[in-house]
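An overview of the molecular structure
One-letter residues, chain by chain:
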Amino acid sequence: MLGKKPIVVVGSINLDLVAVAEKIPAIGETVIGTDFQIHPGGKGANQAVAIARLGYPVRMIGKLGSDQFGSQLRGHLESARVDLVGVGTSDGPSGVALILVSSKGENSIVVAPGANGKVTPEDISENLAIIREAGIVLTQLEIPLETVEYLSSVCARENVPFILDPAPASKLSQKVLQQVDWFTPNETEAAFYGAENDHHSRSATAADTAEVLLRRGSRGVVLKLGSSGCYLASQAGLRESIPAFAVKAVDTTAAGDAFNGAFAVGLMLGKPPRESAIFAAGVASVSVTRLGAQPSMPTMAEVNSFMDSYSATHS
Ligand code: RIB
């Protein structure tokens, strides 16, 4: 991979506390779980690890806390070969996520941001050299919005392609959307961003939502639709539905992160957007067959073997 421009991920780093139960409890309900595990997570760190596991060079900009979790998380990322040149430490706790996973692989997550909430526009300025050297900058919304807004303007000014995974859903300015090359919401987030437009109906299809997002300024949109695959649209005229690979999901946590990291890798390897999305769907499919966020990210060899055996048995 020598000579390849790195992908730079600007985003969150969390410790995930994962409880598995038959079902996710309703408000006021207690259920007895079947398993508990602790994993490294955080949407930013997951996407960085997804990229590194695929063998592509990746650098991260973010913040860890001064607690014990901070040094554990740093160690995990280093051993996954994520370059942490832009990851600082701030006084106080690291980010933590409380995750509930049902027997169907569904999840619900609460994030306590900790140090992720201290990633500032100054951190972006201090790491400008890294951003200038990036082939793609990839971010999410688990760091402060003002930092994402500033990052989007820096990428636009420096002409660095910018992918925004708008998770968790938050109100974004029109200006940010106009600076995005690929906007990659999942179904829940797509409903949120589509509904921000007054004329958008609740029964809107993925294609309708993508048109709204393109009109609001994003140059490209990938709607991640879980077991229904994904839908791609771009201002350059692309309109494409890509079916999912049928697999038995054990844990869908970080499937979107696997997709995003892999989509960026696909683009950096010179694949067209459609082929990058098919590749990313394959990576996400392998990830959902395993428990945990970062431990579920496959290597390139594992993805190739999955895709080969899938096409042999489904053609
Ligand atoms: O996307 C999954 C991630 O969301 C988890 O790893 C958790 O840390 C939260 O950030």
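Please refer to the structure higher up on the page.
Read on for a plain summary of the structure. (Residues numbered from 1 in each chain as written. Predicted model: local features only at pLDDT ≥ 70, side-chain atom pairs only at ≥ 80, totals over all residues. Heavy atoms only, no water.)

1. Quick look at the packing of aromatic side chains
Formally: Side-chain rings of Phe, Tyr and Trp (the six-membered ring for Trp) are treated as a pair once their centres are within 6.5 Å; stacked means planes under 30 degrees apart, edge-to-face means over 60, and tilted covers the remaining angles. The secondary structure listing takes helices from DSSP runs of H or I that are at least 4 residues long and strands from runs of E that are at least 2 residues long, numbered from the N terminus.
What the rule picks out here adds up to seven aromatic pairs. Between Phe245 and Phe306 the ring centres are 5.5 Å apart and the planes differ by 65°, which places this aromatic pair in the edge-to-face class. Taken as a pair, Phe245 in the loop between strand 13 (239-242) and helix 9 (255-268) and Phe306 in helix 11 (residues 300-313) lie far apart in primary sequence, 61 residues in all. Pairing Phe306 with Tyr310 gives two aromatic rings, centres 5.7 Å apart and planes at 45°, and the pair type is tilted. On the criterion of helical spacing, the pair formed by Phe306 and Tyr310 is a turn pair, its members being four residues apart in helix 11.

2. Things to note about the environment of Glu158
Formally: The criterion used for residue contact is that any of the two residues' heavy atoms lie within 4.5 Å. Under the rule applied, a polar contact is a pair of N or O atoms within 3.5 Å (in protein, one hydrogen donor and one hydrogen acceptor; residues adjacent in sequence only if both atoms are side-chain atoms).
Among the secondary structure elements, Glu158 is positioned in helix 5 (residues 145-158). Between the C-alpha atoms of Glu158 and Glu133, which are 25 residues apart in sequence, the distance is 9.8 Å. Excluding anything up to four places from it in sequence, Glu158 contacts Leu128 and Arg132. Polar side-chain contacts of Glu158 include one of 3.0 Å to the side chain of Arg132.

3. Notes on the sheet that holds strand 7 (residues 107-112)
For the record, the criterion: Strand pairing is assigned whenever DSSP detects at least two bridges linking the two strands. Note on geometry: axes are C-alpha line fits, over the in-contact stretch for helices, and angles between N-to-C directions span 0 to 180 degrees.
Strand order in the open sheet formed by four strands is 3-2-6-7, and the pairing between neighbours is mixed. One side of each edge strand has no neighbouring strand; the edge strands of this open sheet are strand 3 (33-41) and strand 7. Adjacent strand axes in the sheet meet at a mean angle of 15°, parallel and antiparallel pairs treated alike. Bridging between strand 2 (residues 14-21) and strand 6 (residues 95-101) involves seven bridges; their strand directions are parallel. Looking at strand 6, one finds that Asn14 is bridged to Gly95. Along the sheet face, helix 2 (residues 68-79) touches strand 2, strand 3 and strand 6 and points at about 90° away from the line of strand 2.

4. With respect to the site of the ligand
The condition is simple: Near residues are defined by distance, with any heavy atom within 4 Å of the molecule or strand qualifying the residue. In short, Shrake-Rupley with a 1.4 Å probe defines the accessible areas, and a residue's cover is counted only from the protein chains shown. Side-chain classes follow a simple rule in which Ala, Val, Leu, Ile, Met, Phe, Trp, Tyr, Cys and Pro form the nonpolar group, Asp, Glu, Lys and Arg form the charged group, and the remainder, Gly included, forms the polar group.
Around the ligand sit 15 residues, and of these Asp16, Gly42, Asn46, Glu142 and Asp257 come closest. In the environment of the ligand, an oxygen atom lies 2.9 Å from a nitrogen or oxygen atom belonging to the backbone of Gly42. Between the ligand and Asp257, the relevant distance is 2.7 Å, taken from an oxygen atom to a side-chain nitrogen or oxygen of the residue. About the coverage of the ligand: the protein hides 97% of its 280 Å² of free accessible area. Going through the elements one at a time, strand 2, helix 1 (43-53), strand 6 and strand 7 are the ones with two or more residues in the shell around the ligand. Residue composition of the shell around the ligand, by class: six nonpolar, five polar and four charged.

5. Overview of the packing of helix 9 against helix 10 (residues 273-288)
Test applied: Crossings are sorted by hand: turned counterclockwise from the far helix by less than a right angle, the near helix makes the crossing left-handed, and turned clockwise it makes it right-handed.
Between helix 9 and helix 10, the shortest axis-to-axis distance is 7 Å and the interhelical angle comes to 145°. For the pair helix 9 and helix 10, the sense of crossing is right-handed. Within the contact between the two elements, helix 9 uses Ala255, Ala258, Phe259, Ala262, Phe263, Val265, Gly266 and Leu267 and helix 10 uses Pro273, Ser276, Ala277, Phe279, Ala280, Ala281, Val283, Ala284, Ser287 and Val288. Here the residues of the contact of helix 9 with helix 10 sort into 15 nonpolar, three polar and no charged.

6. A few points about the pairing of strand 13
Alignment of strand 12 (residues 230-234) against strand 13, held across four bridges, turns out to be antiparallel. In the strand pairing of strand 13, Leu232 is matched with Glu240. Connecting strand 12 to the antiparallel partner strand 13 that follows it, the hairpin turn spans four residues, and Gly237 within it adopts a positive phi of roughly 110°.

7. Overview of the pattern of salt bridges
Our working definition: By convention in these notes, a salt bridge is any Lys or Arg side-chain nitrogen within 4 Å of a carboxyl oxygen on Asp or Glu. Each residue is placed in one exposure class: buried if its accessible area under a 1.4 Å probe, protein chains only, is under 20% of its type's maximum, exposed if it is over 50%, and partly exposed if it falls in between.
Across all of its chains, the model carries 13 salt bridges by this definition. Between Lys23 and Glu29 there is a salt bridge; the shortest N-O distance is 2.9 Å. For Glu29, a relative accessible area of 32% translates into the label partly exposed. A salt bridge links Glu275 to Arg274, with the nearest nitrogen and oxygen atoms 2.8 Å apart. Through salt bridges with shared partners, a single network forms among Arg59, Asp83 and Glu133.

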